[in-house]
Amino acid sequence: MADADWQKVWVRYAKHRKATVRDVKNGVAKQWSQSENSQAQYHPENYGGDEQVKALDMLCLENGVLIRATAVKRTYYYDCGAGNYVGYCCGTLTTFVHTEWHRAGEIHGRPICKKCLNQKPGVDL
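Since this is a predicted model, take the numbers as computed values, not measurements.

**Some words on the overall build of the chain**
Phase 1: Helix and strand counts for the chain come out as four helices and eight strands.
Phase 2: Counted from the first residue to the last, the chain has its helices and strands arranged as β-α-α-β-α-β-β-β-β-β-β-α.
Phase 3: The C-alpha radius of gyration of the chain comes to 14 Å, within 12% of the 14 Å expected for a compact globule of 125 residues.
Phase 4: Projected onto the principal axes, the alpha-carbon positions of the chain cover approximately 45 × 30 × 25 Å.

**Some details on the sheet that holds strand β8 (residues 106-111)**
Phase 1: Strand order across the open sheet formed by five strands is β1-β8-β7-β4-β3, with mixed pairing between neighbours. Bordering the open sheet on either side are β1 (9-10) and β3 (65-69), each of which pairs with just one other strand.
Phase 2: Direction of pairing for strand β4 (residues 73-79) relative to strand β7 (residues 96-102): antiparallel, over a ladder of seven bridges. Counted as the bridge partner of Lys 73 is His 102 from β7.

**What about the pairing of β8?**
Phase 1: Among the six residues in β8, five count as buried, and that is most of the element.
Phase 2: Of the strand pairs in this sheet, β1 and β8 are connected by two bridges, and their pairing is parallel. Within β8, the position partnered with Trp 10 by the bridge is Ile 107.
Phase 3: The sheet contact formed by β7 and β8 spans five bridges and is antiparallel. Residue pairing across strands places His 98 opposite Arg 110, the latter belonging to β8.
Phase 4: Remark: three residues form the turn of the hairpin made by β7 and β8, two consecutive strands paired antiparallel; Gly 105 in that turn has positive phi of roughly 110°.

**Describing the environment of Ala 82**
Phase 1: By secondary structure assignment, the location of Ala 82 is in the loop between β4 and β5 (87-89).
Phase 2: Given a relative accessible area of 81%, Ala 82 falls into the exposed group.
Phase 3: Considering only alpha carbons, one finds Ala 82 and Pro 44, 38 residues apart in sequence, at a separation of 18 Å.

**A word on empty space enclosed by the protein**
Phase 1: Per the counting criterion, the structure on display carries one cavity of 30 Å³ or more.
Phase 2: Of the voids in this model, the largest cavity is the one considered here, and its volume is about 40 Å³.
Phase 3: The residue makeup of the lining of the largest cavity, split by class, is five nonpolar, one polar and three charged.

What counts, and at which threshold
Residues numbered from 1 in each chain as written. Predicted model: local features only at pLDDT ≥ 70, side-chain atom pairs only at ≥ 80, totals over all residues. Heavy atoms only, no water. Helix = DSSP H or I, 4+ residues; strand = E, 2+ residues; numbered from the N terminus. Rg over C-alpha atoms; globule rule 2.2 N^0.38 Å. Pairing = 2+ DSSP bridges. Buried < 20%, exposed > 50% of the residue type's maximum accessible area, 1.4 Å probe, protein only. 1 Å grid on protein atoms, 1.4 Å probe; cavity = no way out; pocket = protein on both sides within 12 Å on 5 of 7 lines; lining within 4 Å. Points joined across faces, edges and corners; volume = space filled by probe spheres on them. Nonpolar A, V, L, I, M, F, W, Y, C, P; charged D, E, K, R; others polar.

Here you go:
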């Protein structure tokens with residue numbers, strides 16, 4: 001299915017947006033990102049607003065690397081570059097974002113570290 005056939009509807013995922021500046025400074029955001037249920041956290045100083053996160057997710061779709069495409073979902077990653085921290089994943093500050101685009105149009109992303117990216121088939125950073 002061509003890209004033009006899929007809608008693009010950005011969805012805010014609250015579990016990746018819990019961290020406040022205080023949570024980052026006292027280490028709570030880092031702890032959440034280490035939990036087993038994928039609680040990666042956007043950095044609130046860099047990506048505190050919905051528009052900032054939405055723009056990052058769309059940037060990932062438009063300029064990122066396609067990881068996998070199936071009939072129902074496409075996944076991408078994007079590196080924001082040295083020093084441009086997206087947030088925490090697995091207890092590590094990361095410059096990478098991982099975005100999913102579902103056939104129904106839903107788009108959502110999260111910070112992802114190199115270790116987690118390298119576990120995805122076809123990714124070798």
